[in-house]
Amino acid sequence: MNIYEVTNPARPKSLANGVGDFTLGDETTELAREIHSAFAWDAGNKAYAVLVDSEEGTDVDIMDITGPTKATLIAEYDLDETFPQIVQAAPANLTEIFLHESRARSRCTSKPPTRRA
């Protein structure tokens, strides 16, 4: 993943290049895994990115990008191990687990408006 500061879109400033998941199974790799999709969000005093790589289909990575020049992998989830209830044996064309896209959204902490008849 590459991270840019774009306060001035005409002059983007590179903050991080090639950050992400450097593991493949039990091996450490020289280059970060190829990313299928990424989504970043601001969580108040922190900022995060969720990455889905193209080489580990069941893998989802969470990066702390609060300090974008020091982006850090903080969590890695193997979906079929973490959530075994999502694994299915059939039909044959739906046995592979792959998180295609991801979005983060905030939880509403206030009460919903009262409905009136």
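Just above, that's the structure.
Residues numbered from 1 in each chain as written. Predicted model: local features only at pLDDT ≥ 70, side-chain atom pairs only at ≥ 80, totals over all residues. Heavy atoms only, no water.

### Observations regarding the pattern of salt bridges
Formally: Salt bridges are identified by distance alone: a Lys or Arg side-chain nitrogen within 4 Å of an Asp or Glu carboxyl oxygen. Only DSSP runs of H or I with at least four residues qualify as helices, and only runs of E with at least two residues qualify as strands; both kinds are numbered from the N terminus onward. Only protein chains enter the area calculation, which uses a 1.4 Å probe; residues under 20% of their type maximum are buried, those over 50% are exposed, and those in between are partly exposed.
Scanning all chains against the criterion turns up 1 salt bridge. Notably, a salt bridge pairs Asp64 with Lys46, separated by 3.2 Å at the nearest N-O pair. Here Asp64, found in strand β7 (residues 59–64), pairs with Lys46, found in the loop between β5 (35–42) and β6 (47–53); they are 18 residues apart in sequence, far enough to count as distant. We classify Asp64 as buried; its relative accessible area is 14%.

### Quick notes on the packing of aromatic side chains
Our working definition: Planes of paired rings set the category: under 30 degrees apart is stacked, over 60 is edge-to-face and the rest tilted, where pairs are Phe, Tyr or Trp rings (Trp by its six-membered ring) whose centres lie within 6.5 Å.
Within this structure, the stated rule accounts for 2 aromatic pairs. Plain terms: the ring middles of Phe39 and Trp41 are 6.4 Å apart, the flat faces sit at 20 degrees to each other, and that makes the pair stacked. What makes Phe39 partly exposed here is its relative accessible area of 21%. Pairing Trp41 with Tyr48 gives two aromatic rings, centres 5.8 Å apart and planes at 35 degrees, and the pair type is tilted. Linked through ring pairs, Phe39, Trp41 and Tyr48 together constitute an aromatic cluster.

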